[in-house]
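Inside the fold
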Number of protein chains: 2
Amino acid sequence: MPSSNIPDIVIGRLPIYLRALTRLAAEGREVTSSHELGQRLGISSAQIRKDLSHFGGFGKQGTGYQIAYLIEQLKQVLQVDREWEVALVGAGDLGRAVAHYKGFLYRGFKIVCVFDNDPDKIGEVIDEYTVQPIDDMQQVIPEHGIRMAMIAVPAEAAQEVADRLIEAGIRAILNYAPINLNVPDDVHVQHIDPVVHLQRMTYYL
Amino acid sequence: MPSSNIPDIVIGRLPIYLRALTRLAAEGREVTSSHELGQRLGISSAQIRKDLSHFGGFGKQGTGYQIAYLIEQLKQVLQVDREWEVALVGAGDLGRAVAHYKGFLYRGFKIVCVFDNDPDKIGEVIDEYTVQPIDDMQQVIPEHGIRMAMIAVPAEAAQEVADRLIEAGIRAILNYAPINLNVPDDVHVQHIDPVVHLQRMTYYL
């Protein structure tokens with residue numbers, strides 16, 4: 001189903017649609033429309049129809065979208081109709097919050113190992129995880145065939161951690177460190193930096 | 001300096017440029033080029049030149065950008081040449097990590113109050129903050145003239161918290177809850193949902 005013809009910006013909106021549809025389903029709803037979705041998301045209904053048309057006929061003019069069916073289709077397209085194992089690097093305040101977070105499960109992701117290089121943190125237990133030495137990444141990650149990782153280390157350490165993760169076989173990185181990572185073309189990176197979001201809003205205040 | 005003619009997508013890139021330039025300055029560098037910035041950020045140099053041209057002559061062809069000057073200009077444009085007071089709602093795992101995070105200071109933001117509705121959390125001290133009852137928001141936020149807030153509460157509670165924040169005078173919200181917020185047109189919202197970022201990458205794996 002994945003096609004390289006679909007613009008990345010469209011792919012970026014699909015998880016938002018999936019989240020909104022999942023919430024509608026949780027509210028007991030069975031059918032929705034591009035109009036309703038658009039109102040909930042602040043996206044035009046025309047844009048939503050156009051985005052979803054990339055993947056074939058999810059809805060019919062006038063009758064709306066079957067929510068359960070659309071959820072299944074979007075999960076298939078995004079390949080989150082399975083569970084992805086994720087490595088987490090960094091067991092500081094942020095890493096702990098990420099490890100505790102229950103929102104990854106049921107949405108396609110399961111953290112399976114946590115690494116840190118601080119001797120005080122190694123061996124510590126966070127929920128079901130025992131913090132492992134960062135030097136073990138090269139062995140543990142290929143052993144489990146893990147391809148996704150989250151980086152929650154200080155900015156100064158993030159690039160080196162990324163390089164080592166990629167060497168170990170990681171192909172998608174969610175980076176919480178406030179620094180841009182340089183990675184090869186076949187590795188995908190997404191950044192989360194709250195200050196970037198805040199600064200984007202102050203312009204308008 | 002702010003002009004409503006600048007596309008939002010350009011505004012969204014400026015904090016990324018500011019972050020990269022600040023790092024270059026920290027490395028002791030004084031001059032950079034759109035080419036170098038582009039390589040660091042994975043953005044074309046033509047795009048960077050075009051983005052920065054919206055704000056007048058930051059650089060001259062062939063001589064590059066004066067980093068310190070460009071940083072000052074971008075800070076002015078984004079209005080982060082001052083310090084914004086921010087309210088934080090939610091003192092769970094994520095809220096605590098946000099409250100502990102030292103990366104807001106020096107980039108324009110200072111958390112000044114933390115709210116929660118859990119009697120067990122109210123009165124608790126997190127770094128320099130004492131968790132206040134959520135019912136006090138309506139008084140504390142206008143008193144301090146706070147216009148920005150971060151929401152780190154469960155999805156089910158996020159919309160109500162947002163409504164109350166807006167009623168108290170908040171005009172920009174960074175939402176960590178995995179749900180889309182509906183807000184009036186004069187309120188700005190940015191969302192941080194790690195699963196959305198992860199799902200965006202699995203498409204390509």
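In the block above lies the structure referred to throughout.
Let me sum up the structure you'll find in this document. (Residues numbered from 1 in each chain as written. Chains lettered and ligands numbered in written order. Predicted model: local features only at pLDDT ≥ 70, side-chain atom pairs only at ≥ 80, totals over all residues. Heavy atoms only, no water.)

**Structural notes on the overall build of chain A**
- Broken down by element type, chain A carries eight helices and eleven strands.
- Principal axes of the C-alpha set define a box for chain A whose edges measure 60 × 45 × 35 Å.
- Within the span of chain A, comprising 205 residues, buried residues form 50% of the whole.
- Of the contacts formed within chain A by residues at least 6 apart in sequence, a portion of 57% connects residues at least 24 apart.
- Charge separation in chain A, taken as the distance between the mean sites of 19 positive and 26 negative side-chain charges, equals 12 Å. (Helix = DSSP H or I, 4+ residues; strand = E, 2+ residues; numbered from the N terminus. Buried < 20%, exposed > 50% of the residue type's maximum accessible area, 1.4 Å probe, protein only. Contact = heavy atoms within 4.5 Å. Lys, Arg positive; Asp, Glu negative; His and termini not counted. Charge placed at Lys NZ, Arg CZ, Asp CG, Glu CD.)

**So, the relation of the copies chain B and chain A**
- When chain B is fitted to chain A, the residual RMSD is 0.0 Å, and the transformation amounts to a turn of 180° plus an axial shift of 0.0 Å. What the rotation and shift describe, once combined, is the action of a two-fold rotation axis. Among all C-alpha atoms of chain B, that of A97 of chain B lies closest to the rotation axis, at 3.3 Å.
- An overlap of 100% is found between the interface residues of chain B and their copies at the interface of chain A, pointing to a shared contact surface. (Least-squares fit on C-alpha atoms with pLDDT ≥ 70 in both.)

**Description of the pattern of salt bridges**
- Applying the stated criterion across every chain, the model contains 28 salt bridges over all chains.
- As a salt-bridge pair, R164 of chain B and E160 of chain B come within 3.8 Å of each other at their nearest N and O atoms. On the criterion of helical spacing, the pair formed by R164 of chain B and E160 of chain B is a turn pair, its members being four residues apart in helix α7 (residues 155–167).
- Overall, E160 of chain B belongs to the exposed group, its relative accessible area being 51%.
- Taken together, the shared-partner salt bridges connect R19 and R107 of chain A together with D193 of chain B into one network. (Salt bridge = Lys/Arg side-chain N within 4 Å of Asp/Glu carboxyl O.)

**So, the packing of aromatic side chains**
- For the structure on display, the rule yields four aromatic pairs over all chains.
- Taking 4.9 Å as the distance between ring centres and 90° as the angle between the ring planes, the aromatic pair formed by Y203 of chain A and Y204 of chain A counts as edge-to-face.
- With a relative accessible area of 33%, Y204 of chain A lands in the partly exposed category.
- On the basis of an interplanar angle of 90° and a centroid distance of 5.1 Å, the ring pair of Y101 of chain B and F104 of chain B is categorised as edge-to-face. (Phe/Tyr/Trp six-rings, centres within 6.5 Å; stacked < 30°, edge-to-face > 60°.)

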